[in-house]
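These are the residues of each chain, in order.
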Amino acid sequence: MVAQSVTVSVGEDQSCSGTPNIEYFFANPPVIQQGGSSTLQWGKVSNASAAYLEMPDGLQGVATPGQTTVKPGQTTSYSLYAICGATITKATATVFVPQ
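(A) Here's a closer look at the pairing of strand 6 (residues 58-61). Note: strand 5 (residues 50-55) against strand 6, four bridges, orientation antiparallel. Bridge pairing links methionine 55 to glycine 58 in strand 6. Between strand 5 and strand 6, which pair antiparallel one after the other, the connecting turn spans two residues.

This is the structure:
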């Protein structure tokens, strides 16, 4: 009989530990008219293995710092998530569109 040892590691990314930090996240301008646009801007995300921007059509990975232009037809909230293992930090920015 031959003894064999197998090690299986299941765990989080070791490049971060603790709580992720989002420097800032905001919409500029925060209020637009119908048909207008706003720029979502975010600063450096630290102590995180990934950053995601939640848009109405889903999540997308983003580089930090960064920005993107949005043209919502109604008041819409956007969220930026920074992830370190099982710990998630969330920042939210809202673009207001008066009706």
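(B) Up close: the sheet that holds strand 7 (residues 66-70). Reading across the sheet, the three strands line up as 2-3-7 and stay open at both edges, with antiparallel pairing between neighbours. Unpaired on one side and paired on the other, strand 2 (25-28) and strand 7 mark the two borders of the sheet. Strand-to-strand twist in this sheet, taken as the mean axis angle between neighbours without regard to direction, amounts to 20°. Direction of pairing for strand 2 relative to strand 3 (residues 38-42): antiparallel, over a ladder of four bridges. Each residue of the ladder has a partner; that of phenylalanine 26, found in strand 3, is glutamine 41.

(C) Examining the nonpolar core more closely. Core analysis: the largest hydrophobic core is formed by 19 residues, its most contacted members being Phe25 and Leu40. Phenylalanine 25 has contacts with Leu40, Gln41, Trp42, Leu53, Tyr78, Ser79, Leu80, Ala91, Thr92 and Ala93, leaving out every residue within four places of it along the chain.

(D) Local environment of the side chain of serine 38. Within the secondary structure, serine 38 is located in strand 3. Polar contacts involving the side chain of serine 38 include one to the main-chain amide nitrogen of asparagine 28, which spans 3.4 Å. Those residues in contact with serine 38, other than ones at most four positions away along the chain, are Ala27, Asn28, Pro29, Ile32, Thr68, Thr69, Val70 and Val95.

(E) Molecular detail of the environment of proline 72. Inspection of the secondary structure puts proline 72 in the loop between strand 7 and strand 8 (76-84). Residue classification places proline 72 among the buried positions, given a relative accessible area of 9%. Taking C-alpha positions, proline 72 is 9.3 Å from proline 56, a pair spaced 16 residues apart along the chain. With near-sequence residues (within four places) excluded, proline 72 lies in contact with Ile32, Tyr78, Val95 and Val97.

(F) Up close: the sheet that holds strand 5. As summarised here, the arrangement of the four strands in space is 6-5-8-9, forming an open sheet in which the pairing is antiparallel. Sheet topology places strand 6 and strand 9 (87-95) at the edges, where each strand pairs with a single neighbour. Going across the sheet, the axis of each strand differs from the next one's by a mean of 25°, ignoring polarity.

(G) Structural view of the side chain of serine 79. With respect to the helices and strands, serine 79 occurs in strand 8. Its relative accessible area of 6% is what places serine 79 among the buried residues. A distance of 3.4 Å separates polar atoms of two side chains, one belonging to serine 79 and the other to threonine 92. In this view, serine 79 contacts Phe25, Tyr52, Leu53, Glu54, Lys90, Ala91 and Thr92; residues no more than four positions away in its chain are not counted.

Calculation criteria
Residues numbered from 1 in each chain as written. Predicted model: local features only at pLDDT ≥ 70, side-chain atom pairs only at ≥ 80, totals over all residues. Heavy atoms only, no water. Pairing = 2+ DSSP bridges. Helix = DSSP H or I, 4+ residues; strand = E, 2+ residues; numbered from the N terminus. Axes fitted to C-alpha atoms, helices over the stretch in contact; angles between N-to-C directions. Core = buried A, V, L, I, M, F, W, Y, C linked by side-chain atoms within 4.5 Å. Buried < 20%, exposed > 50% of the residue type's maximum accessible area, 1.4 Å probe, protein only. Contact = heavy atoms within 4.5 Å. Polar contact = N/O pair within 3.5 Å; in protein donor to acceptor, adjacent residues only side chain to side chain.

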